[in-house]
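Observations on the model geometry
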Amino acid sequence: MAARYFTTPIYYVNDRPHIGHLYTTVVTDTLARYFRLAGEDVRFLTGTDEHGQNIEKVAKKEGVAPIVVADRHAPTFRNLWKEFGIANDDFIRTTEPRHRVGVEEIIRLIDAAGDLYTASHEGWYCAPCEAFYPEKDLLEGKCPVHGTMLELQKEENVFFRLSRYSGRLLELYREKGVDGQPFVYPESRLNEVRSFVESGLKDLSVSRTSIKWGIPFPGRPGHVVYVWLDALVNYITALGFGSPDESLYERYWPGIHVIGKDILRFHAVYWPAFLMSAGLSVPRQVVSHGWWLRDARKMSKSTGNVVKPDDLVAAFGVDALRWHLVSAMSFGQDASFSDEDFLAGYNADLANGLGNTVSRAVKMSRDFFDGNTPPKTSTKNNSFEWPETAAASVSRWRAAFEGYRLQETAGEIRALLGAIDSYITTNEPWRARPNYSFEEISDFRSHVLFDCLEALRVVACLLAPIAPRAAVEVLRRLGIDRRAEDLRTSDLAWGQLPLNAPLPAAPPLFPRADAKEYFASRGAGAAGASKESSVIEEKEKISSKGELAGSAPVSGAASGGEGDAPSKQVFLSSSESKISIDDFMKIDLRVGEVIAAEKVEKSKKLMKMTVKLGEEVRTIVGGIATAYTAEQLVGKKFVFVANLAPAKLMGIESNGMVLAATLPDTFEASLLTVDPAVPSGAKVK
Ligand code: MSP
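For clarity, every value in this text was computed on a predicted model and none was experimentally measured.

**Let's talk about the pattern of salt bridges**
Overall, the coordinates contain 38 salt bridges when judged by the stated rule. Asp-115 serves as the salt-bridge partner of Arg-164, at 2.4 Å between the closest nitrogen and oxygen. Placement of Arg-164 in the loop between β6 (151–160) and α5 (166–174) and of Asp-115 in the loop between α4 (97–112) and β4 (116–126) is noted, with a sequence separation of 49 residues between them. Here Arg-457 and Glu-454 are joined by a salt bridge, their closest N and O atoms 2.8 Å apart. In this pair, Arg-457 and Glu-454 both sit in helix α16 (residues 438–463), 3 residues apart, roughly one turn of the helix.

What follows is the structure in structure tokens.
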């Protein structure tokens, strides 16, 4: 089995995570999940970068040891990834002993290659970047990434002979990697890296004497290892490099680094040069993505313009945010983040697209096939060639994943949902067809609804790498009990929906959001406050109220058995006692004719009725036996709720409810009668 090792950058622990960190982690998780589904032996690493000047500064300000700051923030990242369903195999902290031994080992190898020397050094230092910039790169004395004023720093450092590696680096950029892909994705960024190297590499200072918080530099007392050399090595120390057991290193290295474009130079120039010097393999590929922008500037803790989407997660759930991050950014390019775009995408793709299509198809199947999936598979039906359509979608989706065109993978899901929707509209499985026999209509509906539910099963599998919990919930609603992690390419083949399998009744998967109401409910104060709070703080507030932040819209067993209850939809439905017309229209009221009735034995009040609702005949049980006899009911038409979740009453499954007024004195039921000329099945509104 082919091995594939994905890494995220390891995040600084001087502050809480924001949407930029979340993005990198979610897209890496999505890629790792895809390649696992594709049958590869995938390993996925993330972690925290805990040394360096930034953390030392925060600790000094708080009057605590730097490890206290690190110990506080590392679990924040770890827990956030858990909440977001990130399926990493390992989490490394650079303050762990296993990391330190690997760093010492690589430095020993680099030193043995004659690539280290000591010299004095002066340069413009950006603390948030933990990097020196040449004067020509500064923008009016400011950092080109953060826009902050830089300090001129002078100290004695250990230098790495980076200049020696220009030739070999340029050769690396010319070669195609094992997958026939360039060393850096996208290729436009490879060109930037190439020009940087071609413009001449200076040796790199790889130790610091001005700070104490770092790994002591082997053989250079008073120096600590430069935080970037320290941090980059995490990718191999987490595989046991430099330890007595290097089996993971042998199995998984070289890896694929998914990073933001801000740290490309470190990954595509310095890191391969360190590895070349140490005689180790260079990374398999560096995949660099763009920035989420706010105010046309990269979001960053040091500029304070970060989006912390706590409210969005609390109201719409983790998977809605995962979907937005993957589907709304063209991978590799920059994009700007706004709550408005999030809500528009949520309503279009998740509420209307996925949620609505699943509810419609499942409801029809439940109605026509006694609460089950259809009894027959599709036959070749002239209107649409589903097996071919789905297979073509799957292969475009796979090609998009393999070429890192993540937004296209989401586009395939959207397109397939659109095809299902127009297939339903064209075939109108609900429509009466007077010239069909009972068998013919049942076969027709079975074929059409099998196609719809089966296509939705494929959609769920395609969704699994991006939004795994939502995918599992869609499968559950189709009567399939699977973990996202167990899906494989064989699941993408057409024709696997179980026949005649029970379809559970379920509330809306992604209830439609009212943007106006959402923003009004946050109010100016609330919006301001949320900018100050982190994903985690907000989650804690929410859980203390007994609600689950991560699971809001997908209720029931949505998160793969993590026990989330349907949480309050604070922003999704009006809290007033009045309901909207849309709410009312959710109730499917129909005229039905009672064709048989009998009092339920052992019950004083219950009457079992056989009711004809248009083409369909159902059993409906009502508490009317003290007011009516069976004879009084048969042949009469009343109003029924046709889309009520089934319920068992005295062991009889009731599929609907009869409407009745309650008499003020006796509390007896008085059924709502209908003009006998109105046909059964007619809609009441
Ligand atoms: N600790 C270093 C990385 C060392 S890797 C050996 C670091 N950490 S960081 O906490 O600043 O996180 C950097 C990463 O977060 C970026 O490379 C990028 O992947 C992600 N993002 C941070 N801000 C971002 C945006 N505004 N938009 C998208 N991703 C960004 O650098």
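Now that the structure is up, let's keep going.
**Some details on the pairing of strand β2 (residues 41–49)**
Of all the 9 residues making up β2, 9 are buried; the element is thus mostly covered by neighbouring parts of the structure. Note that the unit made of strand β1 (residues 3–12), helix α1 (residues 19–37) and β2 has a crossover that is right-handed. By the bridge criterion, 4 bridges tie β2 to strand β3 (residues 90–93) in an arrangement that is parallel. In the sheet register, Thr-46 faces β3, and the bridge partner there is Phe-91.

**Thoughts on the site of the ligand**
Surveying the vicinity of the ligand reveals 26 residues, the closest of which are Ile-10, Thr-24, Asp-49, Gly-260 and Trp-292. At a separation of 3.4 Å, an oxygen atom of the ligand approaches a polar side-chain atom of His-21. Here a nitrogen atom of the ligand and a side-chain polar atom of Asp-49 are 2.7 Å apart. Contact with the protein chains covers 96% of the free accessible surface of the ligand, which is 670 Å². Sorting the residues of the shell around the ligand by element identifies β1, α1, α7 (227–232), α8 (234–237) and β11 (256–260) as the ones contributing at least two each. Ranked by residues supplied to the shell around the ligand, first place goes to β1 with 4 residues. Here the shell around the ligand is composed, by residue class, of 13 nonpolar, 9 polar and 4 charged.

**A look at the nonpolar core**
A general feature of soluble globular proteins is that nonpolar side chains tend to end up buried together. Counting 98 residues, the largest nonpolar core has Phe-6, Phe-316, Leu-321, Leu-325, Tyr-346, Leu-354 and Ile-420 as its most contacted members. Membership of the second largest hydrophobic core comes to 77 residues, among which are Val-103, Leu-150, Val-193 and Leu-201.

**Concerning empty space enclosed by the protein**
As enumerated under the stated definition, the model contains 5 cavities of 30 Å³ or more in all. Each pocket or cavity is described by its volume, and for the largest cavity that value is around 90 Å³. For the largest cavity, the full set of lining residues is Arg-33, Arg-36, Leu-37, Ala-464, Pro-465, Pro-468, Ala-484, Glu-485, Leu-487 and Arg-488. Residue classes in the lining of the largest cavity are distributed as 6 nonpolar, no polar and 4 charged.

**Quick word on the sheet that holds strand β12 (residues 285–289)**
Adjacent strands of a sheet pair through backbone hydrogen bonds, lying either parallel or antiparallel. Read from one edge of the open sheet, 6 strands run β3-β2-β1-β11-β12-β7, paired in parallel fashion. Either end of the sheet is taken by a strand with one partner, and the two such strands are β3 and β7 (184–185). Against the sheet, helix α10 (residues 264–278) engages β7, β11 and β12, with an angle of about 145 degrees to β11.

**A look at the packing of α16 against helix α17 (residues 468–477)**
Running from amino to carboxyl end, α16 crosses α17 at an angle of 160 degrees, the nearest separation of the two axes being 8 Å. On the basis of their axis angle, the class for α16 and α17 is roughly antiparallel. By crossing handedness, the relation of α16 to α17 is classed as left-handed. Counting all contacts with α16, which are made through Leu-456, Arg-457, Ala-460 and Leu-463, the residues of α17 involved are Pro-468, Ala-470, Ala-471, Val-474 and Leu-475.

**Things to note about the packing of helix α13 (residues 339–368) against α16**
At a minimum axis distance of 10 Å, the contact between α13 and α16 shows a crossing angle of 145 degrees. Every pair of crossing elements has a handedness; the one defined by α13 and α16 is left-handed. Taken together, the residues of α16 that come into contact with α13 (itself represented by Leu-354, Thr-357, Val-358, Ala-361, Val-362, Met-364, Ser-365 and Phe-368) are Arg-445, Leu-449, Cys-452, Leu-453, Leu-456, Val-459 and Leu-463. Per-class residue counts for the contact of α13 with α16 are 12 nonpolar, 2 polar and 1 charged.

**Quick look at the packing of aromatic side chains**
Scanning the entire structure with this criterion turns up 33 aromatic pairs. Ring centres 5.3 Å apart and planes at 75 degrees place the aromatic pair Tyr-34 and Trp-397 in the edge-to-face group. You can see Tyr-34 sitting in helix α1 and its partner Trp-397 sitting in helix α14 (residues 386–402), a full 363 residues away along the chain. Exposure class is identical for Tyr-34 and Trp-397. Each is buried. When the ring of Trp-386 is compared with that of Tyr-423, the centres are 5.6 Å apart and the planes differ by 90 degrees; the resulting orientation is edge-to-face. Here Trp-386, found in helix α14, pairs with Tyr-423, found in helix α15 (residues 406–427); they are 37 residues apart in sequence, far enough to count as distant. By relative accessible area, which is 2% here, Tyr-423 ends up buried. What links up through ring pairs into an aromatic cluster is the set Phe-316, Phe-342, Tyr-346, Phe-510, Tyr-518 and Phe-519. Across the ring face of Trp-291, the terminal group of Lys-261 is positioned such that the distance to the ring centre comes to 4.5 Å. Sitting above the plane of the Phe-368 ring, Arg-445 keeps its charged end 4.0 Å from the centroid.

**A look at the environment of Leu-116**
Residue placement: Leu-116 occurs in strand β4. In this structure Leu-116 comes out as buried when scored by relative accessible area, which is 10%.

Parameters at a glance
- Residues numbered from 1 in each chain as written.
- Predicted model: local features only at pLDDT ≥ 70, side-chain atom pairs only at ≥ 80, totals over all residues.
- Heavy atoms only, no water.
- Salt bridge = Lys/Arg side-chain N within 4 Å of Asp/Glu carboxyl O.
- Helix = DSSP H or I, 4+ residues; strand = E, 2+ residues; numbered from the N terminus.
- Buried < 20%, exposed > 50% of the residue type's maximum accessible area, 1.4 Å probe, protein only.
- Right-handed = clockwise from strand over helix to strand, strands pointing away.
- Pairing = 2+ DSSP bridges.
- Near = heavy atom within 4 Å.
- Polar contact = N/O pair within 3.5 Å; in protein donor to acceptor, adjacent residues only side chain to side chain.
- Areas by Shrake-Rupley, 256 points an atom, 1.4 Å probe, with all protein chains shown as cover.
- Nonpolar A, V, L, I, M, F, W, Y, C, P; charged D, E, K, R; others polar.
- Core = buried A, V, L, I, M, F, W, Y, C linked by side-chain atoms within 4.5 Å.
- 1 Å grid on protein atoms, 1.4 Å probe; cavity = no way out; pocket = protein on both sides within 12 Å on 5 of 7 lines; lining within 4 Å.
- Points joined across faces, edges and corners; volume = space filled by probe spheres on them.
- Contact = heavy atoms within 4.5 Å.
- Axes fitted to C-alpha atoms, helices over the stretch in contact; angles between N-to-C directions.
- Parallel < 35°, antiparallel > 145°, perpendicular 65-115°, else oblique.
- Left-handed = near helix turned anticlockwise from the far one by under 90°.
- Phe/Tyr/Trp six-rings, centres within 6.5 Å; stacked < 30°, edge-to-face > 60°.
- Lys NZ or Arg CZ within 6 Å of the ring centre and 35° of its normal.

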